[in-house]
Amino acid sequence: MYSTTSAGLDAGTLREQLMGAVTVPGDAGWDAARQAWNLAVDQRPVAVAEPETVADVVAVVNFARERGLRVAAQGTGHAASALAEASLHDTILLKTHRMRVVEIDPDSRRARAQAGALWADVVGPASEHGLAALAGSSHDVGVVGYCLGGGLSWLARKHGLAANSVAAVQVVTADGRVVVADAHHDADLFWALRGGGGNFGIVTAIELELYPVDELYAGMLAFPVERAAEILRAWREWVRTVPDEATSVGRILHLPPFEEIPAPLRGRSFVVVEMAYLGDEAAASELLAPLRALHPVMDTFAAATPADLLALHMDPPSPVPGVGDGTLLDVLPGEALDALVAVSGADTPLLSVELRHLGGALARPRAGAGALATLEEDFALFAVGIAPHPEAAAAVKAALDAVAGAVCEWDAGRRYLNFTESAVDTRRAYSAPAYRRLRAVKTLVDPDNLFRANHPIAPID
Ligand SMILES: Cc1cc2nc3c(=O)[nH]c(=O)nc-3n(C[C@H](O)[C@H](O)[C@H](O)COP(=O)(O)OP(=O)(O)OC[C@H]3O[C@@H](n4cnc5c(N)ncnc54)[C@H](O)[C@@H]3O)c2cc1C
């Protein structure tokens, strides 16, 4: 019998099969190997594998299966908190960061990214061809993890969830095969991967549709945080009037006094409206006029390239310890905004409380869509705070509870898993038929539950 404890794990056997690295507790570099992007998360797997090739990934999957271990894929560890909530004592953490090759084909308007690619690896090169990927707000979120979970981009209201612009996925399956799932091959698996998360295999590469962008105008308007209720109410009225070409965020920001934050913002609080608009300056100015009439203290709107969008949301430039969570809201009456503002004042430990405007293409199912075809709610709420130590984490968690409590009356009850950083019942993320089908696909492709996702979907018993 093989041993399944880290003390007895025959790591040397796996090491011999890999171009990449295998680290187990007690090895030099163990703490660095098990570290997630979110520095507040303490991951204690049985081993960490850092494959460099598809064959390496196959070797890890076979090794784990033969020993009754499980495998959890991790691109960056942005979404590691839910994964680490349960014990990883029987799990090999498979970190894909050494597999970062990206190819852009401007003719077919496709990008092919290896599993460890970050959005910056795709967005910059695509932007040079006037093409946009449906990237998230952060440069160093993983392309694969983001797309498997849905993917809410700055072009979301025009082009829908990023998962539904995935053209093909190369996956290592539970039985150690390498398959390329697309609309014509392994169609059920392809459907499940697009929104069903990391439950169905280890993705080794992903192919994405890119969109031509002729004109783009983007930026933010910032106002004193004391005007939060007034500005968020005005934004809520304004989003009812905007076309699908406009995707915007209304947020309260309490910026820490960190050097990497631009001087005019550092250590200060604001209520902010950010927007990306697929159109020219004249049309954008007309659109923005009602908000500019409210006299922002800062207006950064300007013509932009798709690559510029990675800086718009001012996400952290490098790993941080954070605790965050989010939900979906059906409607957003003025009293909901007032309640949100009341718990997001100067005394909150939260860094950001944001509302993303949904609707448009996000609410329209696209032919051939995946497991997460749409987000039908009107707004996504996400709040986050910095948590460098357990006391700070407890304070941030209490503040997140206060935010959830403030809007519970308008909570749609459904979750968007990319904005869910705690372990939840994954049924809440899908329609009942989609969830049943996800479990059926899981049972077919991974009956023994080898793959462990941060948001698990179990096979049928
Ligand atoms: C600063 C910040 C900004 C963000 N901005 C946005 C945004 O604009 N829009 C949005 O929709 N989301 C956003 N997110 C959420 C983000 O999309 C999720 O956290 C996503 O899961 C991150 O993917 P990752 O690969 O970087 O993280 P990881 O924690 O590495 O992966 C998350 C999960 O994806 C699965 N996974 C990853 N790689 C593989 C693989 N190769 N094979 C199989 N499964 C895999 C696993 O189940 C894993 O647990 C943001 C998060 C942060 C922290």
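Scroll up for the structure.
Residues numbered from 1 in each chain as written. Predicted model: local features only at pLDDT ≥ 70, side-chain atom pairs only at ≥ 80, totals over all residues. Heavy atoms only, no water.

Engineer: Help me out: how do you make sense of helix H5 (residues 119-127) in this one?
Structural biologist: In an α-helix, one turn spans 3.6 residues; hence positions three or four apart end up facing the same way. When H5 is considered as a whole, its buried residues turn out to be Trp 119, Asp 121, Val 122, Val 123, Ala 126 and Ser 127. The elements touched by buried residues of H5 are strand E5 (102-105), strand E6 (110-114), strand E7 (131-132), helix H6 (143-149), strand E10 (202-209) and helix H11 (309-312). (Buried < 20%, exposed > 50% of the residue type's maximum accessible area, 1.4 Å probe, protein only. Helix = DSSP H or I, 4+ residues; strand = E, 2+ residues; numbered from the N terminus. Contact = heavy atoms within 4.5 Å.)

Engineer: Please explain the layout of surface pockets as it appears in this structure.
Structural biologist: Empty space among the atoms can be located by rolling a probe the size of a water molecule over them. The computed volume of the second largest pocket comes to approximately 490 Å³. Looking at the second largest pocket, it is lined by 27 residues, and the ones nearest its centre are Val 323, Gly 324, Lys 397, Glu 421 and Ser 422. (1 Å grid on protein atoms, 1.4 Å probe; cavity = no way out; pocket = protein on both sides within 12 Å on 5 of 7 lines; lining within 4 Å. Points joined across faces, edges and corners; volume = space filled by probe spheres on them.)

Engineer: When you look at the sheet that holds strand E4 (residues 91-95) in this model, what are you seeing that I'm missing?
Structural biologist: Note: strands within a sheet are paired through backbone hydrogen bonds, in either parallel or antiparallel orientation. Here 4 strands make up an open sheet; going across it, the order is E1-E2-E4-E3 and the pairing mixed. The two strands at the open ends of the sheet, each matched to only one other strand, are strand E1 (21-23) and strand E3 (70-74). Strand-to-strand twist across the sheet, computed as the mean angle between neighbouring axes with direction ignored, equals 20°. (Pairing = 2+ DSSP bridges. Axes fitted to C-alpha atoms, helices over the stretch in contact; angles between N-to-C directions.)

Engineer: Quick question: what am I supposed to make of the site of the ligand here?
Structural biologist: Surrounding the ligand, one finds 33 residues, the nearest of these being Gly 75, Thr 76, Ser 137, Gly 142 and Tyr 416. Here His 78 contributes a backbone N or O atom positioned 3.4 Å from an oxygen atom of the ligand. Considered on its own, the ligand offers 950 Å² of accessible surface; in the complex 95% of this is hidden by protein. Elements that contribute at least two residues to the shell around the ligand include exactly E3, H6 and E10. Ranked by the residues each element gives to the shell around the ligand, the list is headed by H6, at 4 residues. Across the shell around the ligand, the residue classes break down as 15 nonpolar, 16 polar and 2 charged. (Near = heavy atom within 4 Å. Polar contact = N/O pair within 3.5 Å; in protein donor to acceptor, adjacent residues only side chain to side chain. Areas by Shrake-Rupley, 256 points an atom, 1.4 Å probe, with all protein chains shown as cover. Nonpolar A, V, L, I, M, F, W, Y, C, P; charged D, E, K, R; others polar.)

Engineer: Is there a simple way to explain the environment of Pro 349 in this structure?
Structural biologist: Position of Pro 349 among the secondary structure elements: in the loop between helix H12 (334-342) and strand E18 (350-357). Taking relative accessible area as the criterion, Pro 349 reaches 37% and is therefore assigned partly exposed. For Pro 349, the contacting residues outside a window of four places in its chain are Gly 385, Ile 386, Ala 395, Val 396 and Ala 399.

Engineer: I tried to follow the sheet that holds strand E8 (residues 166-172) on my own but got confused; where do I start?
Structural biologist: Strand order in the open sheet formed by 5 strands is E5-E6-E10-E8-E9, with antiparallel pairing between adjacent strands. Only two strands of the sheet have a single neighbouring strand rather than two, namely E5 and strand E9 (178-182). Going across the sheet, the axis of each strand differs from the next one's by a mean of 15°, ignoring polarity. Here helix H3 (residues 54-66) sits on the sheet in contact with E8, E9 and E10, set at roughly 55° to E8.

Engineer: Could you clarify how one ought to interpret H12 in this entry?
Structural biologist: Looking only at H12, the buried set comprises Gly 334, Ala 336, Leu 337, Leu 340 and Val 341. Around the axis of H12, the buried residues are gathered within 160° of arc, so they sit on the same side. Seen from the buried face of H12, the exposed residues on the opposite side, beyond 90 degrees, are Glu 335 and Ala 342. Buried residues along H12 sit in contact with helix H9 (228-239), strand E13 (246-254), E18, strand E19 (379-386) and helix H13 (390-406). (Arc of directions from axis to C-beta.)

Engineer: So what exactly am I meant to see when it comes to the packing of aromatic side chains here?
Structural biologist: Note on aromatic pairs: each is described by the distance of the centres and the angle between the planes. Tallied over the full model, the rule gives 6 aromatic pairs. When the centroid spacing of 6.1 Å and the interplanar angle of 15° are considered together, the rings of Tyr 217 and Phe 301 count as stacked. Taken together, the residues Tyr 217 in strand E12 (residues 217-224) and Phe 301 in the loop between strand E15 (298-299) and strand E16 (302-303) connect sequence positions 84 residues apart. Residue Tyr 217 is classed as buried on the basis of its relative accessible area, which comes to 3%. (Phe/Tyr/Trp six-rings, centres within 6.5 Å; stacked < 30°, edge-to-face > 60°.)

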